[in-house]
Amino acid sequence: EMHFDPIWLAFMRENVDIVLLPSVSTFGSNQRWNEVLKTRAFLNNLYILRVNRVGKYDDNEGSLWKFYGNTYLVNPDGQIENTLGEKEDYMVIDIQKKEIHEARQNWGFHSQLRDRGMI
């Protein structure tokens, strides 16, 4: 679960470089997801590829769920790159291992946590 710290600490311990995060978000949660994932990518200096469902779903109980898409890549500095809209589409991305190493070296979050025995 991306909201909780333990999974991110496990990713740091394992030196994970990219996280694929499939989601089925709706109800106008887009801005919250953007901010949380930008922060997680920055603090962990890794890429996050968030892939969200598109389209509508009628649950036959009076609720119509509208999935807003907005698939995107967040880079290790916490910046959103390569965004898709709310229709089916595809994305071709180029992941730069060098960018990951530079972010980790510049910010030093991993090394600081290792020095303190936290990861």
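To be clear, the structure that these remarks concern was listed above.
Caption draft 1: Spatial organisation of the environment of glycine 62. If you trace the backbone, glycine 62 turns up in the loop between strand 3 (54-58) and strand 4 (64-68). Considering only alpha carbons, one finds glycine 62 and isoleucine 93, 31 residues apart in sequence, at a separation of 39 Å.

Caption draft 2: Seen up close, the packing of helix 1 (residues 5-13) against helix 2 (residues 30-44). One way to put it is that helix 1 packs onto helix 2 with a least axis distance of 11 Å and a crossing angle of 35°. You can see that helix 1 and helix 2 cross each other, and the crossing is right-handed. Residues Asp5, Trp8 and Met12 of helix 1 touch helix 2, and the partners they reach there are Arg40, Leu43 and Asn44. Split into classes, the residues belonging to the contact of helix 1 with helix 2 amount to three nonpolar, one polar and two charged.

Caption draft 3: Structural view of the packing of aromatic side chains. Taken as a whole and assessed by the stated rule, the structure comprises four aromatic pairs. Both rings, one in tryptophan 8 and one in phenylalanine 11, keep their centres 5.3 Å apart while their planes meet at 85°; by these two values the pair is edge-to-face. With tryptophan 8 and phenylalanine 11 both in helix 1, this residue pair falls three residues apart, about one helical turn. With relative accessibility at 3%, the residue tryptophan 8 sits in the buried group. Ring geometry for phenylalanine 42 and phenylalanine 109: centres 5.4 Å apart, planes at 85°, overall edge-to-face. Of this pair, phenylalanine 42 sits in helix 2 while phenylalanine 109 sits in helix 4 (residues 109-115), placing them 67 residues apart in sequence. These aromatic residues form a ring-pair network of at least three members: Phe42, Trp107 and Phe109.

Analysis parameters
Residues numbered from 1 in each chain as written. Predicted model: local features only at pLDDT ≥ 70, side-chain atom pairs only at ≥ 80, totals over all residues. Heavy atoms only, no water. Helix = DSSP H or I, 4+ residues; strand = E, 2+ residues; numbered from the N terminus. Axes fitted to C-alpha atoms, helices over the stretch in contact; angles between N-to-C directions. Left-handed = near helix turned anticlockwise from the far one by under 90°. Contact = heavy atoms within 4.5 Å. Nonpolar A, V, L, I, M, F, W, Y, C, P; charged D, E, K, R; others polar. Phe/Tyr/Trp six-rings, centres within 6.5 Å; stacked < 30°, edge-to-face > 60°. Buried < 20%, exposed > 50% of the residue type's maximum accessible area, 1.4 Å probe, protein only.

The values are spatial; any link to function lies outside them.
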